[in-house]
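Each chain, written out:
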Amino acid sequence: MSSALTDLCRYPIVQAPMAGGASGPQLAAAVIEAGALGFLAAGYKTADGMYNEIKQLRRLTGGPFGVNLFMPQPALADPSAVEVYRHQLAGEAAWYETPLGDPDSSAGDDGYEAKVAILLEDPVPVVSFTFGCPTRDTLDAFAKAGTYTVVTVTSAEEAQAAQWAGADAVCVQGVEAGGHQSTHRDDPQADHTGTGLLTLVTQVRETVQLPIVAAGGLMRGGQIAAVLAAGADAAQLGTAFLICPESGAHLLHKQALTNPLFVRTELTRAFSGRPARGLVNRFIREHGPYAPAAYPQVHYLTTGLRQAAAKAGDAQGMALWAGQGHRMARELPVAELVELLATELEAARTALTVRSPQ
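Remember, predicted model here, so these are calculated numbers, not experimental data. (Residues numbered from 1 in each chain as written. Predicted model: local features only at pLDDT ≥ 70, side-chain atom pairs only at ≥ 80, totals over all residues. Heavy atoms only, no water.)

**Q** What is the right way to look at the overall build of the protein in this model?
**A** From N to C terminus, the protein includes 15 helices and eleven strands. Relative to the 2.2 N^0.38 estimate, which gives 21 Å for 358 residues, the radius of gyration of the protein is 19 Å and therefore close to what a compact globule would have. Over its C-alpha atoms, taken along the principal directions, the protein stretches across nearly 65 × 45 × 40 Å. Taking all 358 residues of the protein together, 56% fall into the buried category. Pairs at least 24 apart in sequence give 67% of the contacts found in the protein among residues at least 6 apart. (Helix = DSSP H or I, 4+ residues; strand = E, 2+ residues; numbered from the N terminus. Rg over C-alpha atoms; globule rule 2.2 N^0.38 Å. Buried < 20%, exposed > 50% of the residue type's maximum accessible area, 1.4 Å probe, protein only. Contact = heavy atoms within 4.5 Å.)

**Q** I keep staring at the environment of glutamine 236 and nothing clicks. Help me out?
**A** Mapped onto the secondary structure, glutamine 236 falls in strand β9 (residues 234-237). Judged by relative accessible area, glutamine 236 falls into the buried class, the value being 14%. Counting along the chain gives 220 residues from glutamine 236 to alanine 16, while the straight-line C-alpha distance between them is 5.7 Å. Residues in contact with glutamine 236, not counting those within four places in the same chain, are Val14, Gln15, Ala16, Pro17, Cys171, Val213, Ala214, Ala215, Gly216 and Leu218.

**Q** I tried to follow the side chain of glutamate 158 on my own but got confused; where do I start?
**A** On the secondary structure map, glutamate 158 appears in helix α8 (residues 156-165). Setting aside residues no more than four positions away along its own chain, glutamate 158 makes contact with Val153, Ser182, Thr183, His184 and Arg185.

**Q** Teacher, can you tell me more about the pattern of salt bridges here?
**A** Pairing between side chains of opposite charge can happen when the charged atoms of each approach one another. Evaluation of the coordinates by the stated rule reveals twelve salt bridges. As a salt-bridge pair, aspartate 191 and arginine 269 come within 2.8 Å of each other at their nearest N and O atoms. Highlighted residues: aspartate 191 in the loop between β7 (179-180) and α9 (197-205) and arginine 269 in the loop between β10 (265-268) and β11 (276-279), separated in sequence by 78 residues. Owing to a relative accessible area of 24%, aspartate 191 belongs among the partly exposed residues under this scheme. Among the ionic contacts, a cluster of salt bridges with common partners joins Glu92, Arg282 and Glu286. (Salt bridge = Lys/Arg side-chain N within 4 Å of Asp/Glu carboxyl O.)

**Q** Would you take a moment to explain the sheet that holds strand β4 (residues 126-130) for this structure?
**A** Paired through backbone hydrogen bonds, the strands of a sheet run either parallel or antiparallel to each other. Spatially, the eight strands line up as an open sheet ordered β1-β9-β8-β6-β5-β4-β3-β2, and their pairing is parallel. Each edge of the open sheet is held by one strand with a lone partner, namely β1 (13-15) and β2 (38-41). Between one strand axis and the next, the sheet turns through 25 degrees on average, direction left out of account. As judged from the four bridges shared by β4 and strand β5 (residues 148-153), these two strands associate in the parallel manner. (Pairing = 2+ DSSP bridges. Axes fitted to C-alpha atoms, helices over the stretch in contact; angles between N-to-C directions.)

**Q** Would you mind showing me how to read unusual backbone geometry here?
**A** Trans is the common state for peptide bonds, and a negative phi is the common state for residues other than glycine. Residue proline 296 is bonded to the preceding tyrosine 295 through a cis peptide linkage, with omega at 5 degrees. As for its placement among the helices and strands, proline 296 is situated in the loop between α13 (282-287) and α14 (297-311). Positioned with a positive phi, aspartate 110 is a non-glycine residue whose angle comes to about 55 degrees. Notably, phenylalanine 131 is not glycine yet its phi reads approximately 75 degrees, a positive angle. On the secondary structure map, phenylalanine 131 appears in the loop between β4 and α7 (136-145).

Here is the structure:
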């Protein structure tokens, strides 16, 4: 690991910021206390809500942590597509006896400027960015505040843009990752064309000089060893922590990760209007093929449906975000999981050393 990242945690393990309630202060604090780097997800929260979680986390631990921000999204090119999708979801609204949400209920900027202002006024150790790259002025401001910045990328070109803008590191997200793909430009023509993590890490390593955090389908210490050998400085895991008791994920979501009923994951726009990997359920099968490229409008349109499905105990109507390695999830407390991952990582490194020619 690079010295800057090494100073932040004992192990080269990062807990992914999972928006929607999974990675709150309790999960992040447990990860930090176990020797890894914990993250809060500011996405879908107000600026005040983000700051309240930061204060809670600081009361729980004195260790370094990160906060993840969603970048502002461009104006929707075709609002009529959302209206067509609304009509398609009318049956869901009737079934769950709940109205569809207002797709324009929140600005596309997710309160970005207000959150940046708070994080510059009261700095945190790390800030990462999803769905785009900040301006050089913003990254310079964080650098002056002493904050380490990480831009999530899905291609070597995006990594190059992050380096030019002045980011301290990149989080390289392979197509195996659960939840939203953090492409800087949401292009429907590029759906289902993502690059696997090991290939992507190698491409980025040969393109930029920045430290790399590798993310996408990682569930075991041996996989962490593989991405480190490929050129990453640390590994980011989301689904592996999702099932932990400290995670704020819904119980049905946790159970679904290892439920034989859910046999595979798929990238879908069904719930949010942006490609995101989740367990294939009825909602994805019925609506995924027709969902428009309209984020965050579709996210707010389906919010009530997802909440009603969860309340009804119906996992078939929930957004069950998960990486491709979900069936390898281990229901362990965070401290035990991090220790086990570290042990597996060390064993894999030792085996690699033993096999290497002298």
